[in-house]
Amino acid sequence: MDPIDLRSDTVTRPGPAMRQAMASAEVGDDVYGEDPTVNRLEARAATLLGKDAALFVPSGTMANQIAIRALTRPGDVLLAAHDAHVLRYESGAAAALWGVQIQTIGSNGFFDERALRAAIPYRDVHLAPATVIAIENTHNVSGGRVWPCDQLDAVARAAHERGLRVHIDGARIFNAACAAGTDVARIARSADTVAFCLSKGLGAPVGSLVCCDADRIGELRRIRKMLGGGMRQAGILAAAGLHALDHHVERLQEDHDNARTLAEGLAACGLELPQLPETNLVLFDVPAGRFANVPDAATFARVAREHDLLIDPIDRRRLRAVTHLDATAERIADALDRVRGFMG
Ligand code: TLP
């Protein structure tokens, strides 16, 4: 059977047109700022996000960490949701690299301005100062949920009033914009820095951008170099990113529609959905004691793999399936047939 990989939207492979764009990219040495394709991508990203400048980096993790370094000093507190990517899935980078402590806030990825005000430590010599908040949009662990723009703006305003900076981890910000019926600049409007990934729903093989104001970009560039993220003829990768922005943004609604179909199909098989998907991430739970052959999430993943269907568990009962460019409506229908086959 042909494998169907729904572990993440990071698994997409560049198709022939994207590879053609990469092969014919004009390149130069980007550490000297001389790669014309990287320069074009950075200018394009800055315009799209409504910021002055952007920096091309290898990964979303590096994008977030560069922003965190630029917005903090060692000993500072960063406020983020308890299951934020910057806290749970970046190998402890903020603490290990920058001496930044993360204090959690809100529940299920979201918080409002009241919770933010309450979480900011008062100024006292004993207390570490909170200097930045990170907002993840869409929020991964909650199942790709979207921050309402007004809530995001209100939280950012409250942060700025208290002298905190705002970073948006917008790894999937184009999915957020598509679901909210708005553009990414609207979402990014109140952020000091915003990171987004080309290598997820947009289908590029590598790359993320950090966007910011003109006075910050030099510092971001220096931190990228410090991390070893200065690449040379990176235009080959940037060309894939430009191709993705040209051809893979408009189609994101398809991924969201496929996620909805997948969620409904899984529910019809007796799996439990904490909510219907808003974007391209589908969370579902294996109910306790219902299926003798599939008692928990790990077993579901193992049995699915035996049927060439790849879906990762995220805890004992819960799994996450992700729709993407290479998971067409037909492949999602096929995935559901496979689940029906082994769930009986
Ligand atoms: N998320 C990956 C895994 O790391 C969990 C995935 O499969 O979803 N911010 C957010 C919100 C992310 O979801 C991710 C990747 C990143 C940052 C980091 O991007 P990369 O993988 O490019 O470092």
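Just so we're clear, the structure is a prediction, and the values are computed from it rather than from any experiment.

Attention now goes to the overall build of the protein. Secondary structure summary: the protein contains 14 helices and 12 strands in total. Taking 344 residues into account, the globule formula puts the C-alpha radius of gyration at 20 Å, and the protein, at 20 Å, falls close to it. In terms of overall dimensions, the protein has C-alpha extents of about 60 × 55 × 35 Å along its principal axes. Per-residue burial for the protein yields a buried fraction of 56% across its 344 residues. The contacts in the protein between residues at least 6 apart in sequence include a share of 73% that link residues at least 24 apart. When the accessible area of the protein is evaluated, it comes to approximately 14,300 Å², of which 49% is carbon and sulfur surface. Counting 38 positive and 44 negative side-chain charges, the protein places the averaged centre of each group 4 Å from the other.

All right, on to the site of the ligand then. Around the ligand sit 14 residues in total, of which Ser8, Gly60, Thr61, Asp169 and Arg172 are the nearest. Contacts to the ligand include Asn140, whose side-chain N or O atom sits 2.9 Å from an oxygen atom. Within the side chain of Arg172, one N or O atom sits 2.8 Å away from an oxygen atom of the ligand. Per element, the largest residue contribution to the shell around the ligand is three residues, and it comes from helix α3 (residues 60–71). Considered class by class, the residues forming the shell around the ligand number one nonpolar, seven polar and six charged.

This part takes up helix α7 (residues 149–161). Here α7 spans 18 Å end to end across 13 residues, near enough to the 18 Å set by a 1.5 Å rise per residue. Looking only at α7, the buried set comprises Cys149, Leu152, Asp153, Ala154, Val155, Ala156, Ala158 and Ala159. Tucked inside the fold, the buried residues of α7 contact α6 (113–119), β5 (130–136), β6 (165–170) and α9 (184–188). Two residues or fewer past α7, Gly163 is found with a positive phi of approximately 80°.

Turning next to the domain arrangement of the protein. Per the domain assignment, the segments making up the protein are domain 1 (13–246) and domain 2 (251–343). On a C-alpha basis, the centroid separation for the pair domain 1 and domain 2 is 29 Å. Each side of the interface is counted separately: domain 1 has 17 residues, and domain 2 has 14 residues. For the domain 1 and domain 2 pair, buried surface summed over both sides reaches about 1,300 Å², with 50% attributable to carbon and sulfur atoms. Contact with domain 2 buries surface across domain 1, with Gly143, Asn175 and Cys178 losing the most and accounting together for 31% of the total. Where domain 1 packs against domain 2, one counts one salt bridge. Among the ionic pairs, Arg145 bridges to Glu278, the shortest N-O distance being 3.5 Å. Split by residue class, the side of domain 1 that touches domain 2 holds six nonpolar, eight polar and three charged.

Taken together, the seven strands give an open sheet; going across it, the order is β2-β8-β7-β6-β5-β3-β4, and neighbouring strands pair in mixed fashion. Unpaired on one side and paired on the other, β2 (53–57) and β4 (101–104) mark the two borders of the sheet. For this sheet, the mean angle separating the axes of adjacent strands, direction not counted, is 25°. Sheet topology places β2 next to strand β8 (residues 208–212); five bridges connect them, and they run antiparallel.

Strand order across the open sheet formed by three strands is β9-β12-β11, with antiparallel pairing between neighbours. Every other strand in the sheet has two partners, leaving β9 (281–285) and β11 (312–313) as the edge strands with one partner each. Bridge count for β11 against strand β12 (residues 318–322) is two bridges, and the pairing is antiparallel. Bridged to Pro313 within β12 is Leu319. Lying over the sheet, helix α12 (residues 252–268) contacts β9 and β12, oriented at roughly 10° with respect to β9. Where helix α13 (residues 297–306) meets the sheet, it contacts β9, β11 and β12, and its direction lies at approximately 40° from that of β12.

Attention shifts here to the packing of aromatic side chains. By the definition in use, this model includes five aromatic pairs. Relative to Phe300, the ring of Phe284 has its centre 5.2 Å away and its plane inclined at 70°; by these criteria the two rings are edge-to-face. Of the two residues, Phe284 is situated in strand β9 and Phe300 in helix α13; the sequence distance between them amounts to 16 residues. With respect to burial, Phe284 and Phe300 carry one shared label: buried. Grouped by ring-pair contacts, the aromatic residues Phe110, Phe111 and Trp147 constitute a single cluster.

Conventions and cut-offs
- Residues numbered from 1 in each chain as written.
- Predicted model: local features only at pLDDT ≥ 70, side-chain atom pairs only at ≥ 80, totals over all residues.
- Heavy atoms only, no water.
- Helix = DSSP H or I, 4+ residues; strand = E, 2+ residues; numbered from the N terminus.
- Rg over C-alpha atoms; globule rule 2.2 N^0.38 Å.
- Buried < 20%, exposed > 50% of the residue type's maximum accessible area, 1.4 Å probe, protein only.
- Contact = heavy atoms within 4.5 Å.
- Areas by Shrake-Rupley, 256 points an atom, 1.4 Å probe, with all protein chains shown as cover.
- Lys, Arg positive; Asp, Glu negative; His and termini not counted.
- Charge placed at Lys NZ, Arg CZ, Asp CG, Glu CD.
- Near = heavy atom within 4 Å.
- Polar contact = N/O pair within 3.5 Å; in protein donor to acceptor, adjacent residues only side chain to side chain.
- Nonpolar A, V, L, I, M, F, W, Y, C, P; charged D, E, K, R; others polar.
- Expected span 1.5 Å × (residues − 1).
- Domains from an automatic or database assignment.
- Buried area = accessible area lost by both parts, 1.4 Å probe.
- Salt bridge = Lys/Arg side-chain N within 4 Å of Asp/Glu carboxyl O.
- Pairing = 2+ DSSP bridges.
- Axes fitted to C-alpha atoms, helices over the stretch in contact; angles between N-to-C directions.
- Phe/Tyr/Trp six-rings, centres within 6.5 Å; stacked < 30°, edge-to-face > 60°.

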